[in-house]
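# Coordinates in review
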Amino acid sequence: MRLARPVVFGNWKMNGLRAEGLALAGTLAERAVRLTGTLGVFPPFTLIHAVAQRVKGSGILVGGQDCHEKASGAYTGCVAAPMLADAGATAVILGHSERRHGLGETDALVRAKLVAARAAGLLVVLCIGETEAEYLTGARSARLRAQLDGSLPEGIGPEGLVVAYEPVWAIGTGRTPTAEEIRATHGEIRELLARRIVGGEEVPLLYGGSVKPDNAAEIMALADVDGVLVGGASLDARSFWTIYQAGGGA
Ligand code: 13P
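Here we summarise the structure given alongside this text. Predicted model only: the values in this text are computed from it and were never measured. (Residues numbered from 1 in each chain as written. Predicted model: local features only at pLDDT ≥ 70, side-chain atom pairs only at ≥ 80, totals over all residues. Heavy atoms only, no water.)

Before going further, it helps to spend a moment on the overall build of the protein. A count of helices and strands for the protein gives ten helices and eight strands. For 250 residues, the compact-globule formula gives about 18 Å, and the C-alpha radius of gyration of the protein, at 17 Å, lands near that figure. Dimensions of the protein, computed from C-alpha atoms along their principal axes, come out at roughly 45 × 45 × 30 Å. Residues classed as buried in the protein amount to 53% of the 250 residues present. (Helix = DSSP H or I, 4+ residues; strand = E, 2+ residues; numbered from the N terminus. Rg over C-alpha atoms; globule rule 2.2 N^0.38 Å. Buried < 20%, exposed > 50% of the residue type's maximum accessible area, 1.4 Å probe, protein only.)

The local shell around the ligand consists of Asn11, Lys13, His96, Glu166, Ala170, Ile171, Gly172, Gly209, Ser210, Leu229, Gly231 and Gly232. Asn11 places a polar side-chain atom, nitrogen or oxygen, 3.0 Å from an oxygen atom of the ligand. Interatomic distance of 2.9 Å between a backbone N/O atom of Gly232 and an oxygen atom of the ligand. Surface burial for the ligand is 96%, taken as the share of its 310 Å² of free accessible area covered by protein chains. Here the shell around the ligand is composed, by residue class, of three nonpolar, seven polar and two charged. (Near = heavy atom within 4 Å. Polar contact = N/O pair within 3.5 Å; in protein donor to acceptor, adjacent residues only side chain to side chain. Areas by Shrake-Rupley, 256 points an atom, 1.4 Å probe, with all protein chains shown as cover. Nonpolar A, V, L, I, M, F, W, Y, C, P; charged D, E, K, R; others polar.)

A few words now on helix α7 (residues 140–151). Counted at 1.5 Å a residue, the expected span for α7 with its twelve residues is 16 Å, and the 16 Å between its end C-alpha atoms agrees. Among all positions of α7, only Arg140, Leu144, Gln147, Leu148, Gly150 and Ser151 are buried. (Expected span 1.5 Å × (residues − 1).)

Here we take up the pattern of salt bridges. Applying the stated rule across the entire model yields 17 salt bridges. Of the charged contacts in the structure, one is a salt bridge between Asp107 and Arg100, with a shortest N-O distance of 2.5 Å. Note on accessibility: Asp107 and Arg100 belong to one class, buried. Among the ionic pairs, Asp149 bridges to Arg196, the shortest N-O distance being 3.4 Å. Separated by 47 residues along the polypeptide, Asp149 in helix α7 and Arg196 in helix α8 (residues 179–196) bring together distant segments of the chain. A residue is classified by how much of its surface remains accessible, and Asp149, at 45% relative accessible area, is partly exposed. (Salt bridge = Lys/Arg side-chain N within 4 Å of Asp/Glu carboxyl O.)

So, about the sheet that holds strand β2 (residues 38–42). Reading around the circumference, β1-β2-β3-β4-β5-β6-β7-β8 is the order of the eight strands in this closed barrel, with parallel pairing throughout. Going from strand to strand, the sheet's axes swing by 25 degrees on average, the running direction of each strand aside. Two strands pair when backbone bridges link them, and strand β1 (residues 7–11) and β2 are joined in this way by five bridges, in the parallel orientation. What sits directly across from Gly10, in β2, is Val41. With respect to the sheet, α7 is in contact with β5 (123–128) and β6 (161–165), its orientation differing from that of β5 by roughly 150 degrees. Strands in contact with helix α10 (residues 237–246) are β1, β2 and β8 (227–230); relative to β2, the strand with the most contacts, it is inclined by about 150 degrees. (Pairing = 2+ DSSP bridges. Axes fitted to C-alpha atoms, helices over the stretch in contact; angles between N-to-C directions. Contact = heavy atoms within 4.5 Å.)

Moving on to the packing of aromatic side chains. A complete count under the given rule lists four aromatic pairs for this structure. Pairing Trp241 with Tyr244 gives two aromatic rings, centres 5.0 Å apart and planes at 50 degrees, and the pair type is tilted. One end of the pair, Trp241, and the other, Tyr244, are both in helix α10, three residues apart, so they sit about a helical turn from each other. By the burial criterion, Trp241 is buried, and Tyr244 matches it. (Phe/Tyr/Trp six-rings, centres within 6.5 Å; stacked < 30°, edge-to-face > 60°.)

Encoded structure:
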């Protein structure tokens, strides 16, 4: 199924107790009368079920921020993809830089998780992005190619896959690449996906990293940017909705 544009996803990260999360989800559900684009929230595991119940019928998609690569077993503290689906999630973020760099996740691990998530029927939001050192030394393209090569399983189709380009140095810093850099990078990613996956040019491409209400319109107007993955600004219903509208969503 083709996702309607814009695709605007909010990664709540490790934020939100029940009251805040439900209030945020409730406000978004009230605004989402007839969604013309794709709007989704990715709360912490503890809130997935409650948030999914709260937004039921609104068309807002709910996802997890990670999953384990196995479907069940002796993995204390981990959450499996079928558990996310059982809680009401229909999507999952994989390979976020806070897991790759903060928790040492490798491309091979992300690939295994991706296989598990697809087997559970979840839409996968695969995150890739270069570090500041890679950006400054011109190693960005090579890094992104390596991450895509390493994280995408052989023979995967374009269905149920979204790729988010999130430069590590732009996350939570208030800094972003220039519009021209984002456009060029998304064009490269589109080409890499088209070469790697049959129908890969159809995979929605999101930009993430310091997206705010005041830069969202410019970013989402760029060629090959199908939407955005928002962190901090997705914790405020008004900001998040403004970003969605800035991409043409109603
Ligand atoms: P910020 O929007 O807070 O920079 O976070 C981006 C991000 O990591 C989304 O996954």
